[in-house]
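Coordinate analysis (summary)
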Amino acid sequence: MHFLDQAKIFIRSGQGGPGAVSFRREKYVEYGGPDGGNGGKGGDIIFEAVTSLNTLIDFRYTQHFKAQRGGGGAGQNRTGAGGNDLVIKVPVGTQVLDDDRETVLLDMTEVGVQKVLLRGGDGGRGNASYKSSTNRAPRQHGPGWPGEEMYVWLRLKLLADAGLVGLPNAGKSTFINQITNTKAKVGDYAFTTLRPQLGVVRHRNREFVLADIPGLIEGAADGAGIGDRFLGHIERCRVLIHLIDIHSETDPVEAMQIVEGELEAYGAGLDEKPRLIALNKIDLVDAELVKAFTKELREAGASKVYPISGATGKGMDALLDAVLEHLPLATATERPTGEVEEEADQKPWSPI
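All residue numbers refer to position in the chain's written sequence, counted from 1. For this predicted model, a pLDDT threshold of at least 70 governs which residues receive local features, and a threshold of 80 or more governs which side-chain atom pairs are given and counted, while totals over whole chains, interfaces and linings are taken from all residues. Working from all heavy atoms in the structure, the side-chain values ignore hydrogens and water.

**Re the overall build of the protein chain**
- Secondary structure elements follow DSSP: runs of H or I of four or more residues count as helices, runs of E of two or more count as strands, with numbering from the N terminus. Regarding its fold elements, the protein chain presents five helices and 14 strands.
- The cut-offs for exposure are 20% and 50% of the maximum accessible area for each residue type, with area from a 1.4 Å probe on protein chains only; residues under the lower value are buried, those over the upper are exposed, and the others partly exposed. Within the protein chain, the fraction of its 352 residues that count as buried is 48%.
- Accessible area for the protein chain stands at about 18,000 Å²; split by element, carbon and sulfur atoms hold 46% of it. Computed with a 1.4 Å probe, the accessible areas rest on the Shrake-Rupley method; for each residue, only the protein chains presented here act as cover.

Below, the structure written as structure tokens:
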């Protein structure tokens, strides 16, 4: 399945049905009077977040969504049938944006939640509702209120507890393959990851979702490399794991500063999120070099450095323990479906 995280669609709610012009015609009923019923309400446009979808690829082929219009009124004061609502199912984490691509209209972050974006038009009045003491036989009726229509952008932001960032070929795919059941592509060249990957990590009887995004290079905020469009998928993460390749030609301190600069340039609060610096591929160098680079990274601003090996798993436990400290008592994968996280759950993990 192709991964698509942005799509533009057209939506229109249903128009209200017209009211009826009718007069009562019954034997032995003199001057029956008007009995035209009102029109039915048009259908609403509703968005629903579901877990069965993880991409917006369906909206590449179906881009117009129109709800059913309301039925017309009828004699004997019968109201027209209401138009069926149109429910558009989107992946959890999808944002619905205005055509300007900046104004957020809906943010679908909870499973099963339905939100009305466009309301259907009300039905028109039948002639029975126009009857008065001075207008005993009205022949006017309402045509029904029009529905609403607009173009909107759908933007998917994956829901993950932790996110992986780093330069290309820093070992992020190997890292996520080591601790999850994800089968991310691994290769000895840059940009082997071309789309975000999600995996569930199980550590110390806990579960959390880890997101891996394509590597960043200097100038990614200006479109260099794959650019920074996939950084939106880690905006909701509670903590970021910054992988640095100790065996790369790029100096570890420089690598850290490049990624930090791109996170700051992107904004959206990414530069303010807690970050864990992981010095990767320590199995390829000696211990002295690991100590030297660890010291340099700390002098450059890293509060703590975690030497690890994504290939062998060395040092992983300490790093994952640090990740758990930034997670609530129950992550989304640990809560029953529909259970909402309470503020009391947002406490740091402790081994005690």
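So, next bit.
**A look at the pattern of salt bridges**
- Note on definitions: salt bridges are taken to be side-chain nitrogens of Lys or Arg within 4 Å of carboxyl oxygens of Asp or Glu. With the rule as written, the count across this model stands at eleven salt bridges.
- Between aspartate 44 and lysine 41 there is a salt bridge; the shortest N-O distance is 2.6 Å.
- Taking relative accessible area as the criterion, aspartate 44 reaches 11% and is therefore assigned buried.
- We classify lysine 41 as partly exposed; its relative accessible area is 27%.
- Aspartate 107 is the partner of arginine 236 in a salt bridge, and the nearest nitrogen-oxygen pair spans 2.9 Å.

**What about the sheet that holds strand E7 (residues 114-118)?**
- Paired strands are those between which DSSP finds at least two bridges. Read across the sheet, three strands follow the order E4-E2-E7 without closing on themselves; strand pairing throughout is mixed. Where the open sheet ends on each side, the last strands, each with one partner, are strand E4 (86-91) and E7. Taking the axes of each pair of neighbouring strands and ignoring which way they run, one obtains an average angle of 30 degrees across the sheet.
- By the bridge criterion, four bridges tie strand E2 (residues 45-50) to E7 in an arrangement that is antiparallel. Fitted lines through C-alpha atoms give the axes, limited to the stretch in contact for helices. The angle between two N-to-C directions lies from 0 to 180 degrees.

**Re the sheet that holds strand E11 (residues 206-212)**
- Within the open sheet, the six strands sit side by side as E10-E11-E9-E12-E13-E14. Their pairing is mixed. The open sheet has two free edges, formed respectively by strand E10 (197-203) and strand E14 (305-307), since each of these has just one partner strand. Across the sheet, the mean angle separating the axes of adjacent strands is 30 degrees when strand polarity is ignored.
- Relative to E14, strand E13 (residues 275-280) runs parallel, the two being bridged by three bridges. When the sheet's bridge partners are listed, leucine 279 is paired in E14 with proline 307.
- Between two residues, a contact is recorded if the distance between any of their heavy atoms is within 4.5 Å. Along the sheet face, helix H3 (residues 252-266) touches strand E9 (162-165), strand E12 (239-245) and E13 and points at about 145 degrees away from the line of E12.

**Concerning the environment of leucine 320**
- In this fold, leucine 320 is placed in helix H5 (residues 316-324).
- The class for leucine 320 is buried, based on a relative accessible area of 4%.
- Residues leucine 320 and arginine 204 lie 116 residues apart in sequence; the distance between their C-alpha atoms is 9.2 Å.
- Each residue touching leucine 320, except ones within four places of it in the same chain, is listed here: Ile179, Val201, His203 and Phe208.

Shape descriptors only; they carry no functional weight alone.
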